[in-house]
Amino acid sequence: MNRFLGILLIAFGLISCQRDLDLEYHDIEPLTVIEASLTPEGARVALTLTTPMDEPMDRTRLTDAIVTLTDLTYGSEVTLTLDDDGCFISAEGGIAGHEYRLSIDRQGELFQSETRMLAPTEIIGLQFFWINMPYDQVAVLQGQFTDNPTVDDECYWVKIYRNGEIYQWQEIDDRGAFEGVGTFTAMTSRRDTDAEDDSTVLYDGDIMTVEVYPITRRMHNYLEAIGNDSNGPALFTGNRVLGYFLASSPASASITFHPAEL
């Protein structure tokens, strides 16, 4: 059986081309994968193809496309240009509250996605603490951020970096928010670092950076599906295309891990 593995990693603060989401596909021809983000600082789009499971991962970016971003609120349009990394970019940032359409024209196929640019939240607290587990104590990273109590069904994408590299991510909504404050909790490293895996271990002095992106319910459902090893709902029109178009204003904060002080 021929299986395809497409990796969608998202660690561009939202606009780098690093990948951090793993997707698996079965019995299909290579599919176009679109990783597109718009922030107040600009837009960046990476195009790749899924790779057969039994072949070495090919992360070559596709550059034979015309990529345009339309501000549907203002009626303006910009054509993205290629950078040295093979990503399509624009220095024209998004504006909160505006509607945007991303269009990708490649080899006679047109892929499009529309979304609203969401306003930022604010991170108002980060802290570590130990919790007791049957096998060891585990350091938990918890954070608080502002949530509009007058708006229901607000969703967020929380991305956590360890010394600048993606560590873990989670999608959440406002069902756990209380009096205008949302909370996220992430289990990190065991106290016994010798028993911990290198991908999760934290050492004294590690800098943990958290980014919180307000996202649409569609994007939340997409991330939730990816986390459950599914392709997720289609966020683009077009024939057999994978990926996302995210427009958001991220909030960021950092904390240094000092296990002896917890």
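Residues numbered from 1 in each chain as written. Predicted model: local features only at pLDDT ≥ 70, side-chain atom pairs only at ≥ 80, totals over all residues. Heavy atoms only, no water.

Caption draft 1: Highlighting the nonpolar core. Judged by nonpolar contacts, the single largest core of 34 residues is most densely connected at I34, V45, L69, L102, I104, M219 and F236. Broken down by secondary-structure element, the contributors of at least two residues to this core are strand 3 (32-39), strand 4 (42-49), strand 6 (66-71), strand 10 (99-106), strand 14 (155-162), strand 17 (207-215), helix 1 (217-227) and strand 18 (241-247). Dropping the residues within four chain positions of it, F236 is found in contact with I34, L102, I104, F111, Q112, S113, V241, G243, Y244 and F245. (Core = buried A, V, L, I, M, F, W, Y, C linked by side-chain atoms within 4.5 Å. Buried < 20%, exposed > 50% of the residue type's maximum accessible area, 1.4 Å probe, protein only. Helix = DSSP H or I, 4+ residues; strand = E, 2+ residues; numbered from the N terminus. Contact = heavy atoms within 4.5 Å.)

Caption draft 2: Representation of the packing of aromatic side chains within the structure. Inspection of the entire model under this criterion finds five aromatic pairs. Centre to centre, the rings of W157 and Y213 are 5.9 Å apart; their planes meet at 45 degrees, and the pair counts as tilted. Taken together, the residues W157 in strand 14 and Y213 in strand 17 connect sequence positions 56 residues apart. On the basis of relative accessible area, W157 is assigned to the buried category, the value being 0%. Members of the aromatic cluster, joined through ring pairs, are W157, W169 and Y213. (Phe/Tyr/Trp six-rings, centres within 6.5 Å; stacked < 30°, edge-to-face > 60°.)

Caption draft 3: Fine view of the confidence of the model for the chain. The predicted model of the chain has a mean per-residue pLDDT of 89, with 87% of residues at 70 or higher. The low-confidence segment residues 1-19 (pLDDT under 50) makes 105 contacts with residues lying over four places distant or belonging to another chain. (pLDDT = per-residue confidence, 0-100.)

Caption draft 4: Region of interest: the sheet that holds strand 16 (residues 181-190). Strands sit in the order 12-13-16 across an open sheet of three strands; the sheet is antiparallel. Each edge of the sheet is formed by a strand with only one pairing partner; in this case those strands are strand 12 (123-132) and strand 16. Across the sheet, the axes of successive neighbouring strands diverge by a mean angle of 20 degrees, strand direction being ignored. When strand 12 meets strand 13 (residues 137-146), the two strands line up antiparallel, connected through nine bridges. Paired with F129 across the bridge in strand 13 is V140. (Pairing = 2+ DSSP bridges. Axes fitted to C-alpha atoms, helices over the stretch in contact; angles between N-to-C directions.)

Caption draft 5: Local environment of the sheet that holds strand 10. Pairing is antiparallel in the open sheet, where four strands are placed in the order 7-6-10-11. The open sheet has two edge strands, strand 7 (76-79) and strand 11 (109-116), and neither has a second partner. Averaged over all pairs of adjacent strands, the angle between their axes in this sheet comes to 20 degrees, without regard to strand direction. The sheet contact formed by strand 10 and strand 11 spans eight bridges and is antiparallel. Bridged to R101 within strand 11 is E114.

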